[in-house]
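Listed below, chain by chain, are the residues.
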Amino acid sequence: MSRTALRISITVGLLIVGVVVGLIFQNVWLGVLLAAIVWLGWFLGYESRRGHNAGVNDEDHGIEL
């Protein structure tokens, strides 16, 4: 699976899960917001691992996720 297809499938999956969670809480926007927050954390971790920067805690390169 290509990286683009993986990113799109994870994004769509998290959006669907967010809508379902929002329906459970009777507030779809809350579910979408929670899904966006989880997606942002996943995306930063995925790109960091892909760039071989996972676990880097050096002041010159920033802090680790």
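In every chain, residue numbers begin from 1 and rise along the written sequence. Given that the model is predicted, a residue must reach a pLDDT of at least 70 before its local features are reported, and side-chain atom pairs must reach 80 or more before they are shown or counted; all residues, however, enter totals for whole chains, interfaces and linings. Side-chain measures were taken over the full set of non-hydrogen atoms in the model, leaving aside hydrogen atoms and water.

Asks: Before we move on, could you go through a nonpolar patch on the surface and cite the residues and values that matter?
Replies: Taken together, Ile8, Val12, Ile16, Val20, Ile24, Phe25, Leu30, Leu33, Leu34 and Ile37 make up a surface patch of nonpolar side chains, about 950 Å² in accessible area. A run of DSSP states H or I qualifies as a helix once it reaches four residues; a run of E qualifies as a strand once it reaches two. Both are numbered from the N-terminal end. Among the elements that line the nonpolar patch, the one with the most residues is helix H1 (residues 3-24), at 5 residues. Here phenylalanine 25 shows up in the loop between H1 and helix H2 (28-50). For every residue, the accessible area obtained with a 1.4 Å probe (protein chains only) is divided by the maximum for its type, and the residue is called buried under 20%, exposed over 50%, and partly exposed between those limits. On the basis of relative accessible area, phenylalanine 25 is assigned to the exposed category, the value being 53%. Here, patches come from residues exposed beyond 30% relative accessible area and free of salt bridges, joined within 9 Å for like charges and within 5 Å for nonpolar side chains (Val, Leu, Ile, Met, Phe, Trp, Tyr). For every accessible area listed, the method is Shrake-Rupley and the probe measures 1.4 Å; residues are considered covered only by the protein chains on display. The rule for a salt bridge is simple: a side-chain nitrogen of Lys or Arg has to be within 4 Å of a carboxyl oxygen of Asp or Glu.

Asks: Explain H1 to me, and be specific about the residues and the numbers.
Replies: How far a helix is expected to stretch is found by multiplying one less than its residue total by 1.5 Å. Here H1 spans 31 Å end to end across 22 residues, near enough to the 32 Å set by a 1.5 Å rise per residue. Note on H1: the residue one or two positions beyond its end, glutamine 26, has a positive phi of about 60°.

Asks: Explain unusual backbone geometry to me, and be specific about the residues and the numbers.
Replies: Of note in the backbone geometry, glutamine 26 takes a positive phi value of approximately 60° without being a glycine. By secondary structure assignment, the location of glutamine 26 is in the loop between H1 and H2. Classification of glutamine 26 as exposed rests on a relative accessible area of 75%.

These results come straight from atomic positions and should not be treated as a statement about function.
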